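Next come the chains, spelled out residue by residue.
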Amino acid sequence: MSTVAAAYALPAPDGAFEKLTIERRELGPHDVLIDVKYAGICHSDIHTARDEWGGTRYPCVPGHEIAGLVAAVGSAVTKYKVGDRVGVGCMVDSCGKCGPCLADEEQYCEAGATMTYNSPVAPEVQPGGYTMGGYATRVVVTENFVVSIPEGIGLDVAAPLLCAGVTLFSPLRHWQAGPGKRVAIIGMGGLGHIGVKIAAAMGAEVTVLSHSLSKQEDGKRFGAHHYYATGDRQTFRELRGRFDLILNTVSADLPLDDYMKLLNLDGTLVILGLPENPLSVKPFTLAGYRRSLSGSMIGGIAQTQEMLNFCAQHGIGAEIELISADEIDNAYDRVVASDVRYRFVIDTATI
C-alpha cells in the first residue's frame, strides 16, 4: 500500500508553488519511511524547478536536503528503527555494482545515480515515473541511502549539510585540508559559509575571497583567519602564490587565471559552483607552478555520514532562515538575489 504525503510543487517553469497530494511508493523490505521535519533550499532546486538546466518534469517537487524521523521500516531493514533521526541528500539509489559505487562514490555511478527529485525511476517500480523530493511531509528511501543525524546537531541546521555540507567536506577531505594547509574559499554564501566552518575545524588556515568585505565579521566568526575583497585588485597582487587549495563555490563567470595565480606549487583550484559558460584558463597559468584545475560533486553515502559525524563533533551546523511552505516562492527570489544568510530551510509542519 502506497503512502500519501502532502507536498509543495511547481506546476510549470514560470508558475508559483502550490500544495498537492502525492503518493510515495509502497514500503519495500529494505525501505525506510521518513516523516520529513525540515527541507533545505538549494540553488540547484531553483535551477531545476524553473527548468533552467532543461529536462524538468512537472509537477516538480524539489528538495534534497531532508532531515526527519523514521516513521516505519521494511521487514529487512537493519540500520534504522522507528524514531531515529535521519537525513536524505541528493541521491536515493545507484547501480551498486560499478567501480565508483563499490568504492563508496555513488555520486559518480557509471549508470547514473537516481537523484532525490526529477530523476526517472525503474519501470517496474512506476512506469514513466520520476522522483519527487523533500518539500513534502513524507518520503520513502532505501536504507542504504539514508544517513543518521547525530544528536549533536539540530535537525533544522543539519538539513543543508546533506548537500551543501558534503559538497564542501568532500574536496576538503580529498585534497587533505588540515594543519599546515592554506585553504581559500571563493564566496561566502550557502556553500561557502559551511566550507569555512569545516575547513577551520580541520585545522587549515582559512581565507575567504569575497567580492566585498560586507560579510567579513561573519566569516571571522565562522573560523576564517583572513578575509579579502576580490573587488580590490590589490588582493590578487598580495595573495599571489599563497594557497595550497582554493574552493570556488560561486556560479558566476570568474577570471580564472587571476585566481589560479593565487595557488602555490602543486596547488589545486576546485570548481564547486556551476556557471553557465565554459571555463577558460591559459595553459601557461597551469604549467607555471604545476597548478591543477579540478572539480568535485557531492560525496558518497559513507562520506556524507562521516561529514555529519564530524560536524556533530565540532558543533557545526548551517546558518539558516527558517520559513513556512507558503514562503518558498519569495525565498527562491531572495536566493537568486543573494539575499539570504545563509540557507533557507522549510519547516515542513507548515505544508
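For the structure itself, consult the block above.
Below you will find a few notes about this structure. Keep in mind the model is a prediction, meaning the values are calculated, not measured. (Residues numbered from 1 in each chain as written. Predicted model: local features only at pLDDT ≥ 70, side-chain atom pairs only at ≥ 80, totals over all residues. Heavy atoms only, no water.)

The next subject is the sheet that holds strand β13 (residues 243–248). Paired through backbone hydrogen bonds, the strands of a sheet run either parallel or antiparallel to each other. The 6 strands are arranged β12-β11-β10-β13-β14-β15 in an open sheet whose pairing can be described as parallel. Looking at which strands have only one partner, the edges of the open sheet turn out to be β12 (226–229) and β15 (292–295). Between one strand axis and the next, the sheet turns through 20° on average, direction left out of account. Examined bridge by bridge, strand β10 (residues 182–186) and strand β11 (residues 205–210) share 5 bridges and lie parallel to one another. (Pairing = 2+ DSSP bridges. Helix = DSSP H or I, 4+ residues; strand = E, 2+ residues; numbered from the N terminus. Axes fitted to C-alpha atoms, helices over the stretch in contact; angles between N-to-C directions.)

As a further point, take helix α4 (residues 164–174). Burial analysis of α4 places 9 of its 11 residues in the buried class, which makes it a mostly covered element. A164, G165, V166, T167, L168, F169, S170, P171 and L172 are the residues of α4 that are buried. In this fold, the buried residues of α4 make contact with β10, α5 (192–202), β13, β14 (263–271), α10 (301–313) and β17 (343–347). Positive phi shows up at Q176, right after α4, with a value of about 55°. (Buried < 20%, exposed > 50% of the residue type's maximum accessible area, 1.4 Å probe, protein only. Contact = heavy atoms within 4.5 Å.)

This part is about the pattern of salt bridges. Throughout the structure, instances matching the rule amount to 15 salt bridges. Here R85 makes a salt bridge to E151, at a shortest N to O gap of 3.8 Å. Taken as a pair, R85 in strand β5 (residues 85–88) and E151 in the loop between β9 (147–148) and α3 (155–158) lie far apart in primary sequence, 66 residues in all. Overall, the relative accessible area of 16% leaves R85 in the buried class. Residue D218 pairs with R341 through a salt bridge whose shortest N-O separation is 3.3 Å. (Salt bridge = Lys/Arg side-chain N within 4 Å of Asp/Glu carboxyl O.)

Let us now look at the environment of T235. With respect to the helices and strands, the residue T235 is situated in helix α7 (residues 234–238). The spatial distance from the C-alpha of T235 to the C-alpha of L209 is 8.9 Å, given a sequence separation of 26 residues.

Attention now moves to the pairing of β17. Remember that side chains alternate between the two faces of the sheet whenever the strand is regular. Taking burial as the measure, the 5 residues of β17 include 4 buried ones, the bulk of the element. Where strand β3 (residues 31–40) lies against β17, 3 bridges are found, and the strand directions are antiparallel. Bridge assignment links A39 to a residue of β17, and that residue is I346. As judged from the 4 bridges shared by strand β16 (residues 320–323) and β17, these two strands associate in the parallel manner. Its bridge partner being in β17, E321 is matched across the sheet by F344. Assessed by its sense of winding, the connection that carries the chain from β16 through helix α11 (residues 328–336) to β17 is right-handed. (Right-handed = clockwise from strand over helix to strand, strands pointing away.)

Another aspect to go through is α10. Between its terminal C-alpha atoms α10 stretches 18 Å, which fits the 18 Å expected from 13 residues at 1.5 Å a residue. What α10 keeps buried is the set I301, Q303, T304, Q305, M307, L308, F310 and C311. Each element contacted by the buried residues of α10 is listed here: β6 (91–93), β9, α4 and α5. Just downstream of α10, G315 is the residue with a positive phi angle, here 65°. (Expected span 1.5 Å × (residues − 1).)

What follows is about the state of the cysteines. One pass over the full model with this rule turns up 0 disulfides. Of all cysteine sulfurs, the one in C163 lies closest to C42, which takes part in no disulfide; the gap is 3.9 Å. Since its relative accessible area comes to 8%, C42 is described here as buried. Free cysteine C60: the closest other cysteine sulfur is in C42, separated by 13 Å. Since its relative accessible area comes to 2%, C60 is described here as buried. (Disulfide = S-S within 2.5 Å.)

Moving on, we come to the side chain of H193. Topologically, H193 is positioned in helix α5. We classify H193 as buried; its relative accessible area is 0%. From its side chain, H193 meets the backbone oxygen of G190 in a polar contact 3.2 Å long. For H193, the side chain forms a polar contact with the main-chain nitrogen of E319, separated by 3.0 Å. (Polar contact = N/O pair within 3.5 Å; in protein donor to acceptor, adjacent residues only side chain to side chain.)

Bringing unusual backbone geometry into the picture now. Following Y58, the chain continues to P59 via a peptide bond in cis, the omega torsion being 0°. Mapped onto the elements, P59 comes out in the loop between α1 (43–49) and β4 (66–73). A cis amide bond links R341 to the next residue, Y342, at an omega of 5°. For Y342, the location among the structural elements is in the loop between α11 and β17. Even without being a glycine, D104 presents a positive backbone phi close to 60°. Structurally, D104 is set in the loop between α2 (99–102) and β7 (114–115). At Q176, a position not held by glycine, the phi torsion is positive, near 55°. Tracing the backbone through its elements, the reader meets Q176 in the loop between α4 and β10.

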